[in-house]
Amino acid sequence: MNATELIGYLAAAFTTIAFIPPVLHTWRLRSGHGVSLGMYAIFTSGVALWLAYGILLGAWPIIAANVVTLTLALSIIVMKIRYR
């Protein structure tokens, strides 16, 4: 792994890990009150496009991060709708 890939993986890890606290918070409270459905819908669409971009490039840091981030963002959307 070269320095560029390492930076990519670190950036992917940090930006993905940032979504874990809101997911846990929403799940523990069983409330999506503080979550903007519109923002998460747009954000999730963007993450899906980043994932497609990563797949087209064959860029594993982009692919890995966006698979996890997409899963976390979708889980927040599902909880927002479920725990209204």
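Residues numbered from 1 in each chain as written. Predicted model: local features only at pLDDT ≥ 70, side-chain atom pairs only at ≥ 80, totals over all residues. Heavy atoms only, no water.

1. Quick look at the overall build of the protein chain
Secondary structure assignment for the protein chain yields four helices and zero strands. Each helix and strand of the protein chain, ordered N terminal to C terminal, gives the series α-α-α-α. Structurally, the protein chain occupies a C-alpha span of about 45 × 20 × 15 Å along its principal axes. A burial count over the protein chain gives 31% of its 84 residues as buried. Taking the contacts inside the protein chain whose residues are at least 6 apart along the sequence as the reference set, 70% of them involve residues at least 24 apart. When the accessible surface of the protein chain is split by element, carbon and sulfur atoms take 74% of a total near 5600 Å². (Helix = DSSP H or I, 4+ residues; strand = E, 2+ residues; numbered from the N terminus. Buried < 20%, exposed > 50% of the residue type's maximum accessible area, 1.4 Å probe, protein only. Contact = heavy atoms within 4.5 Å. Areas by Shrake-Rupley, 256 points an atom, 1.4 Å probe, with all protein chains shown as cover.)

2. Quick notes on the nonpolar core
Membership of the largest hydrophobic core is limited to 10 residues, which are Phe19, Val23, Val35, Tyr40, Leu72, Ala73, Ile76, Ile77, Met79 and Tyr83. Ranked by residues supplied to this core, first place goes to helix α4 (residues 60–82) with five residues. Those residues in contact with Leu72, other than ones at most four positions away along the chain, are Thr16, Phe19, Ile20 and Val23. (Core = buried A, V, L, I, M, F, W, Y, C linked by side-chain atoms within 4.5 Å.)

3. Examining the environment of Ile81
Tracing the sequence through the fold places Ile81 in helix α4. Measuring from C-alpha to C-alpha, the distance between Ile81 and Val68 comes to 20 Å, with 13 residues separating the pair along the chain.

4. Some thoughts on the packing of aromatic side chains
Scanning the entire structure with this criterion turns up four aromatic pairs. Ring centres of Phe19 and Phe43 lie 5.0 Å apart, and the angle between their planes is 20 degrees; on these two criteria the pair is classed as stacked. Taken together, the positions of Phe19 in the loop between α1 (3–17) and α2 (20–29) and Phe43 in helix α3 (residues 37–57) put the pair 24 residues apart, joining distant regions of the chain. Considering the side-chain rings of Trp50 and Tyr53, the 5.5 Å spacing of their centres and the 80 degrees angle between planes classify their relative orientation as edge-to-face. Taken together, the residues Trp50 and Tyr53, both in helix α3 and three residues apart, mark about one turn of the helix. An aromatic cluster is built from Phe19, Tyr40 and Phe43, whose rings are joined through pairwise contacts. (Phe/Tyr/Trp six-rings, centres within 6.5 Å; stacked < 30°, edge-to-face > 60°.)

5. Some remarks on the confidence of the model for the protein chain
A residue-level look at the protein chain finds 100% of positions with pLDDT of 70 or above and a mean pLDDT of 93. By mean pLDDT, α1 is the weakest element of the protein chain at 90, and α3 is the strongest at 96. (pLDDT = per-residue confidence, 0-100.)

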